[in-house]
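# Analysis of the macromolecular model
Chain by chain, the residues run as shown.
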Amino acid sequence: MQQYTTDIMIIGGGASGLAAAVAAKRFCPELSVMILERNSRVGKKILATGNGRCNLGNISTDSRYYYGSCKKYWNTIVEQTQPAEAFFQSMGLYCRRESDGRLYPCSNQAASVLDALRLTIEQEGISDVCYCLVSDIQQTESGILAKTTQGDFLASAAIVTTGGFAAPKTGSDGSAFSWLLNLGHHCNTPKPALVPFLTKPVLLRLLKGIRLSAEVTAISENGTVLAVDTGEVQFTERTISGICVMNLSAACVGQEPAAICLRLLPEIPEQRLLPLLWELYGVRTNWKLEDWLTGLLPKKAGIQLLRSAGIAMSMDTPVYEITPQQLEQVAKTILSWKFPVLSRGSWQEAQVTSGGIPAEEIDADLQSRLVNGLFFAGEILDFHGNCGGYNLNWAWQSGQFSGENAAKQILQKRGDTV
Ligand SMILES: Cc1cc2nc3c(=O)[nH]c(=O)nc-3n(C[C@H](O)[C@H](O)[C@H](O)COP(=O)(O)OP(=O)(O)OC[C@H]3O[C@@H](n4cnc5c(N)ncnc54)[C@H](O)[C@@H]3O)c2cc1C
């Protein structure tokens, strides 16, 4: 097998790996930087982000949108690296700011983001080696040695940017953990995040395809509130979804939710709800039950809500047959409509990984505490964020941080001034 040598070896040519390569090379152009990527080309997942538009970042770097043990490093990384907008501007890619501070390329095409990175890499003289699956790494006296399908690669420093387990078709299937575990590293319980929740299909029969505005709450078995968000809830024949619900899957790190509760009609104050239902009872008293809530909610959602409130009579029954107790039960269901959680969606449906290499196994430079010269960045670390560009913020900024730190370390070891 052929052996190749380089100063910095980047394992995984995704968002964080590409950012790490650019930052390392810009920090010290004399160092050779090589990206090893298993796919036929780098950045496959970037093309799928933001529905093909790539929500490449968010102007907010507030840590409240992030979760996981490596959160403690976030503020320092933010202070020492370029935010997404400036990082891409340095490659000639300009962004537009949309609602909630979301950043998109002006072209509205994820391909432009990948092109900016790809062409910058070419311009900076960074090599990318594709079809190069890394199957093991070892620390040797001469540096870090990677065993790959394209031969052995020896480097003074390596950055592992292989992502997590989410969307395995894009190349990040968590297989890197097999060799990381051999080195003594661990993976904090990985769970699919930014993913829909599966609930009882019988509750969804009428709701499939409907969108409802709601405050959503994830609650535990004993009713403890685990996380809250607001937005548009969506339903399929097996899942409850929408950005706000997916955010709950990111926020519930330690404990799994037993149910998702919807507070419908969030713009109507709680004390106004019962009088409003009585008004509607008066105005529509001779109407069929199936039409009673139409307008407040889409008709099919109204019918399902009545069923979930325990109203078993035929939907042809006139509204005046509703008892005061039943009306109160309807109000209660509008305030807290429970959907039991059967499970999270699969890795195929997930946008990110909750869990990864824990904070205690790396130092403040994102360097392994177990293997000198081995750095990490991106989703492989135990850190993830909400929908809205926060995960790519992390990928670019942690990538830049590790890239620079790896370059600095090599210069320091060689006795050069940094
Ligand atoms: C459908 C979808 C839409 C998304 N949309 C957004 C969005 O709009 N905004 C946002 O902020 N975030 C979004 N995300 C999340 C975001 O894409 C990820 O958080 C980010 O790409 C993680 O970057 P990474 O570099 O850590 O990992 P990845 O991008 O997963 O890259 C890892 C790379 O390593 C390679 N690799 C893995 N193992 C090996 C190995 N053993 N040897 C060699 N190479 C290997 C993989 O092939 C891959 O190219 C989305 C995710 C998905 C799935």
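Residues numbered from 1 in each chain as written. Predicted model: local features only at pLDDT ≥ 70, side-chain atom pairs only at ≥ 80, totals over all residues. Heavy atoms only, no water.

Going by an unreviewed UniProt entry, the protein chain carries the name Flavoprotein family protein and comes from Ruminococcus callidus ATCC 27760. Here is the UniProt Cofactor (unreviewed entry) comment for the protein chain, exactly as written: "FAD". (UniProt positions renumbered as here; feature names shortened; annotations may be inferred.)

Inspection of the secondary structure puts Asp7 in strand S1 (residues 3–11). In this structure the side chain of Asp7 is engaged in a polar contact, spanning 2.7 Å, whose partner is the side chain of Arg414. (Helix = DSSP H or I, 4+ residues; strand = E, 2+ residues; numbered from the N terminus. Polar contact = N/O pair within 3.5 Å; in protein donor to acceptor, adjacent residues only side chain to side chain.)

Domain annotation of the protein chain identifies domain 1 (3–191 + 351–413) and domain 2 (197–344). Here domain 1 and domain 2 have C-alpha centroids that lie 41 Å from each other. Taken residue by residue, the interface counts 9 residues in domain 1 and 11 residues in domain 2. Across the interface of domain 1 and domain 2, roughly 750 Å² is buried in total on both sides, 58% from carbon and sulfur atoms. Considering only the side of domain 1, the residues that lose the most area to domain 2 are Tyr67, Lys191 and Cys387, jointly responsible for 57% of the buried surface there. Our count for the domain 1 to domain 2 interface comes out at 1 salt bridge. (Domains from an automatic or database assignment. Contact = heavy atoms within 4.5 Å. Buried area = accessible area lost by both parts, 1.4 Å probe. Salt bridge = Lys/Arg side-chain N within 4 Å of Asp/Glu carboxyl O.)

With that settled, consider the sheet that holds strand S15 (residues 239–241). Pairing is antiparallel in the open sheet, where 7 strands are placed in the order S17-S16-S13-S14-S15-S12-S18. For this open sheet the edge positions go to strand S17 (337–340) and strand S18 (343–344), each flanked by a neighbour on one side alone. The sheet strands contacting helix H12 (residues 324–335) are strand S16 (259–264) and S17, and the helix crosses S16 at an angle near 110 degrees. (Pairing = 2+ DSSP bridges. Axes fitted to C-alpha atoms, helices over the stretch in contact; angles between N-to-C directions.)

Time to look at the environment of Asn188. Mapped onto the secondary structure, Asn188 falls in strand S11 (residues 188–193). On the basis of relative accessibility, which here comes to 28%, the residue Asn188 falls in the partly exposed class. The spatial distance from the C-alpha of Asn188 to the C-alpha of Gly254 is 11 Å, given a sequence separation of 66 residues. In this structure Asn188 touches Ser69, Gly355, Gly356, Pro358 and Asp382, once residues within four positions along its chain are discounted. Engagement of the side chain of Asn188 in a polar contact is seen with the side chain of Asp382, the distance being 2.8 Å. (Buried < 20%, exposed > 50% of the residue type's maximum accessible area, 1.4 Å probe, protein only.)

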